[in-house]
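Coordinates in review
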Amino acid sequence: MQTNSVLLVDIGNTRIKYRLLNDDADNVTTVDDLSALITYIEAAPLTHLYIANVGKPAVEEALAQLCNEQQIIFCAVKTQSDAFGITNSYQNPQKMGVDRWLAILGAAKLTDKPFAVIDAGTAVTVDFVANGQHLGGWIAPGFHTMKKALLSNTTRVFENETVPEQLMAASDTEECVAMGCLAALQGVFWSAKRRLNNQFKENVIIFTGGDKKLLTSACDGDSLSAANLVIDGLARYAEKASFG
Ligand SMILES: Nc1ncnc2c1ncn2[C@@H]1O[C@H](COP(=O)(O)OP(=O)(O)O)[C@@H](O)[C@H]1O
Ligand SMILES: CC(C)(COP(=O)(O)O)[C@@H](O)C(=O)NCCC(=O)O
Ligand SMILES: [K+]
């Protein structure tokens, strides 16, 4: 298997992200819809496509069909109860979003310490891991999802496109919404940090996802940011298949 012919694809609830196996981990392309990915696949000389899908099954089916037509080997990775030295705490691992499982595997490569991996996307997910054991996690609405929920349940609350860098008190509706949702997102980070600190003297928070920038002002020296840990987890499956 040539690593420049293996495509790794992360299909979330908002956007699609991809890179080649031999690309730099930071070199991730983000697209809003499937057509842009299809155009790329049709032009690229691929042999394998690894996919993590938590979105609509129809997207996965369309990609499987395209791969079949193009004679590309299609590998849809699923959440497992045990792999790469990590044991999942879910009684029914199939219920855990494969993006969470892969983000855990991607993060586990970055540290030997107990860690929490935070993926800030449509949802913000947190998963705690120590000594190869998944200790459970959280699922909360993401920044954009929170704003949408707030607006659809109120009459006089509005939003704008502000993506705040620093948490401040605001004096205008749109700014209050942006700051409030940022406070909630950072609250997830601080709650994870407090939980880790209570259990483990040394620990690290590793964060990723489309809204990871919103967490950078909350993080400290014990935090790591990664471009896309879901894709890094997919890379582990692809590497295992090609190099054993
Ligand atoms: N250009 C953009 N288009 C859409 N969302 C964006 C964009 N830039 C940043 N975001 C933020 O990224 C979030 C989606 O993150 P992402 O990790 O791609 O989510 P998912 O994996 O759930 O598809 C959105 O909720 C939004 O707040
Ligand atoms: C929690 C999620 C919606 C996060 O998805 P994302 O924000 O990346 O689009 C996804 O991991 C999912 O659908 N999970 C299934 C439920 C579970 O993990 O228990
Ligand atoms: K997420």
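Conventions adopted
- Residues numbered from 1 in each chain as written.
- Chains lettered and ligands numbered in written order.
- Predicted model: local features only at pLDDT ≥ 70, side-chain atom pairs only at ≥ 80, totals over all residues.
- Heavy atoms only, no water.
- Helix = DSSP H or I, 4+ residues; strand = E, 2+ residues; numbered from the N terminus.
- Contact = heavy atoms within 4.5 Å.
- Areas by Shrake-Rupley, 256 points an atom, 1.4 Å probe, with all protein chains shown as cover.
- Lys, Arg positive; Asp, Glu negative; His and termini not counted.
- Charge placed at Lys NZ, Arg CZ, Asp CG, Glu CD.
- Near = heavy atom within 4 Å.
- Polar contact = N/O pair within 3.5 Å; in protein donor to acceptor, adjacent residues only side chain to side chain.
- Axes fitted to C-alpha atoms, helices over the stretch in contact; angles between N-to-C directions.
- Parallel < 35°, antiparallel > 145°, perpendicular 65-115°, else oblique.
- Left-handed = near helix turned anticlockwise from the far one by under 90°.
- Nonpolar A, V, L, I, M, F, W, Y, C, P; charged D, E, K, R; others polar.
- Domains from an automatic or database assignment.
- Salt bridge = Lys/Arg side-chain N within 4 Å of Asp/Glu carboxyl O.
- UniProt positions renumbered as here; feature names shortened; annotations may be inferred.

Looking only at helices and strands, the protein features seven helices and twelve strands. Counting only C-alpha atoms, the protein reaches 55 × 45 × 30 Å along its principal axes. Expressed as a percentage of contacts within the protein between residues at least 6 apart in sequence, the contacts between residues at least 24 apart total 54%. Only carbon and sulfur atoms are counted for the fraction: they give 48% of the accessible area of the protein, which is about 12200 Å². Separation of charge centres in the protein, based on 20 positive and 27 negative side chains, amounts to 7 Å.

All right, on to the site of ligand 2 then. Neighbouring residues of ligand 2: 13 residues in total, closest Y90, G97, D99, R100 and A123. A distance of 2.9 Å separates an oxygen atom of ligand 2 from a polar side-chain atom of N13. One nitrogen or oxygen atom from the side chain of Y90 is found 2.5 Å from an oxygen atom belonging to ligand 2. For ligand 2, whose accessible area on its own is 470 Å², the fraction buried by protein is 77%. Of all the secondary-structure elements, those providing two or more residues to the shell around ligand 2 are helix 3 (98-108) and strand 9 (123-130).

Relative to each other, helix 1 (residues 34-43) and helix 2 (residues 57-70) sit at 15°, their axes nearing to 11 Å. What the angle tells us is that helix 1 and helix 2 run roughly parallel. Remark: the crossing between helix 1 and helix 2 carries right-handed chirality. Touching L34, L37, I38, I41 and E42 of helix 1 are V59, A62, L63, L66 and Q70, all from helix 2. The residue inventory of the contact of helix 1 with helix 2, partitioned by class, reads eight nonpolar, one polar and one charged.

Every residue near ligand 1 is listed here: G12, N13, T14, R15, K17, G121, T122, H144, G209, G210 and D211. Within the contact set of ligand 1, an oxygen atom lies 2.8 Å away from a backbone nitrogen or oxygen of T14. Interatomic distance of 2.8 Å between a backbone N/O atom of G210 and an oxygen atom of ligand 1. In isolation ligand 1 has 570 Å² of accessible area, and contact with the protein removes 71% of it. Residues that form the shell around ligand 1 fall into these classes: no nonpolar, eight polar and three charged. Counting the residues that make up the shell around ligand 1, at least three belong to each of domain 1 (3-78 + 233-243) and domain 2 (111-225).

Our focus in this paragraph is the pattern of salt bridges. This model, assessed by the stated rule, comprises five salt bridges. A salt bridge links K113 to E202; the shortest N-O distance between them is 3.5 Å. Taken together, the residues K113 in the loop between helix 3 and strand 8 (115-120) and E202 in the loop between helix 5 (173-199) and strand 11 (204-208) connect sequence positions 89 residues apart.

Per the UniProt entry, the sites bearing "binding site: ATP" (unreviewed entry) are D10, I11, G12, N13, T14, R15, I16, K17 and T122 in this numbering. Look at the named residues: they lie 113 residues apart in sequence, but the longest C-alpha span between them is just 13.5 Å, so in the fold they bunch up. Relative to the elements of secondary structure, I11 occurs in strand 1 (residues 6-11). When neighbours within four sequence positions are excluded, I11 is seen to be in contact with I16, I51, A52, N53, V54, G55, V59 and L63. Take R15: it is sitting in the loop between strand 1 and strand 2 (16-20). When residues no more than four places from it in sequence are discounted, the contact partners of R15 are D10, T30, V31, D32 and G210.

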